[in-house]
Amino acid sequence: MTDAIHLPLILLAALLATSSPGPATLAIAGTAMKSGRRPALALAAGVTTGSLVWSVAAAFGLGAVMLANAWLFELLRWFGAGYLLFLALKSARSALAPGMSELRGIAQASLRRAYLTGLGLHLTNPKAILFFGALYAVGLPAGTAPAGLATVIAAIGLQSAAVFHGYALLFSSPPLARGYARLRRWFEGAFALGFG
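Residues numbered from 1 in each chain as written. Predicted model: local features only at pLDDT ≥ 70, side-chain atom pairs only at ≥ 80, totals over all residues. Heavy atoms only, no water.

Draft legend 1. Region of the structure containing the overall build of the protein. On a plain count of helices and strands, the protein comes out with eight helices and zero strands. The contacts of the protein with a sequence gap of at least 6 include a subset with a gap of at least 24, amounting to 85%. Working note: accessible area of the protein is about 10200 Å², and carbon and sulfur atoms make up 73% of it. (Helix = DSSP H or I, 4+ residues; strand = E, 2+ residues; numbered from the N terminus. Contact = heavy atoms within 4.5 Å. Areas by Shrake-Rupley, 256 points an atom, 1.4 Å probe, with all protein chains shown as cover.)

Below you can see the structure in the form of structure tokens.
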């Protein structure tokens, strides 16, 4: 049944979801610029673990619950749309504000605390919940074999790890952090348009 799974399309959707700014990516970037590479990598590992938890939960149950209860899926879609509009407004306000906005991130902390912060952040992130629920409810054919589900979980997990850890490495680079600070308003404006 893995022939019916369109893995490149699923990975493209997952790439857009993980690389677009949200609480996790902004926390990783903020932590990398504030506290450095190691805490940012630990935070990214926690976010990646949270992503795997939601992926497994969605693959083996959340999608079925939403398919069986169309109203629940519709409610989640409207909640997700509202959340994206909230992020669009927040990004627009940040783009219009002069100067550098306060970075979201954790100050110097133990690597364990950084990991747990990333895990908690992603387990409570509505964007992640909605993405994985929608992916497995809509993106995979009914009756997908466990091997197909495992393939999707592994592929999304590896891609998520690359994206989140990539953010940690990129934003811990001083030249990139300075470049982001100079172009912050343009980035925030583009994020606002994208979320909208």
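Draft legend 2. Broad picture of the confidence of the model for the protein. When pLDDT is averaged along the protein, the result is 78, and 74% of the positions lie at 70 or above. When mean pLDDT is compared element by element in the protein, helix α7 (residues 146-171) scores highest at 92, while helix α4 (residues 70-96) scores lowest at 68. (pLDDT = per-residue confidence, 0-100.)

Draft legend 3. Spotlight on the packing of aromatic side chains. Taken as a whole and judged by the stated rule, the model has one aromatic pair. Ring centres of Tyr167 and Phe171 lie 6.0 Å apart, and the angle between their planes is 40°; on these two criteria the pair is classed as tilted. Taken together, the positions of Tyr167 and Phe171, both in helix α7 and four residues apart, correspond to about one turn of that helix. Judged on exposure class, the residue Tyr167 and its partner Phe171 are both buried. (Phe/Tyr/Trp six-rings, centres within 6.5 Å; stacked < 30°, edge-to-face > 60°. Buried < 20%, exposed > 50% of the residue type's maximum accessible area, 1.4 Å probe, protein only.)

Draft legend 4. Expanded view of a nonpolar patch on the surface. A contiguous nonpolar surface patch, about 390 Å² in accessible area, is contributed by Leu9, Leu12, Leu15 and Leu16. Note that Leu15 resides in helix α1 (residues 7-19). Here Leu15 falls in the partly exposed class, since its relative accessible area comes to 35%. (Patch = residues over 30% accessible without salt bridge, like charges linked within 9 Å, V, L, I, M, F, W, Y side chains within 5 Å. Salt bridge = Lys/Arg side-chain N within 4 Å of Asp/Glu carboxyl O.)

Draft legend 5. Region of the structure containing the packing of α1 against α7. Contact pair α1 / α7: the axes reach a minimum separation of 10 Å and the direction vectors enclose 30°. Of the two elements, α1 crosses α7, and the hand of that crossing is right-handed. For the pair α1 and α7, contact is made by Leu7, Ile10, Leu11, Ala14, Leu15, Thr18 and Ser19 and by Thr151, Val152, Ala155, Ile156, Gln159, Ser160, Val163, Phe164 and Tyr167, respectively. A per-class count over the contact of α1 with α7 returns eleven nonpolar, five polar and no charged. (Axes fitted to C-alpha atoms, helices over the stretch in contact; angles between N-to-C directions. Left-handed = near helix turned anticlockwise from the far one by under 90°. Nonpolar A, V, L, I, M, F, W, Y, C, P; charged D, E, K, R; others polar.)

Draft legend 6. A look at helix α2 (residues 23-35). For α2, which comprises 13 residues, the first-to-last C-alpha distance of 17 Å matches the rise-based estimate of 18 Å (1.5 Å per residue) to within 8%. All of the buried residues along α2 are Ala24, Thr25, Ala27, Ile28, Ala29, Gly30, Thr31, Ala32 and Ser35. (Expected span 1.5 Å × (residues − 1).)

Draft legend 7. Representation of the environment of Leu158. With respect to the helices and strands, the residue Leu158 is situated in helix α7. C-alpha separation for the pair Leu158 and Thr48, spaced 110 residues apart in sequence, amounts to 8.8 Å.

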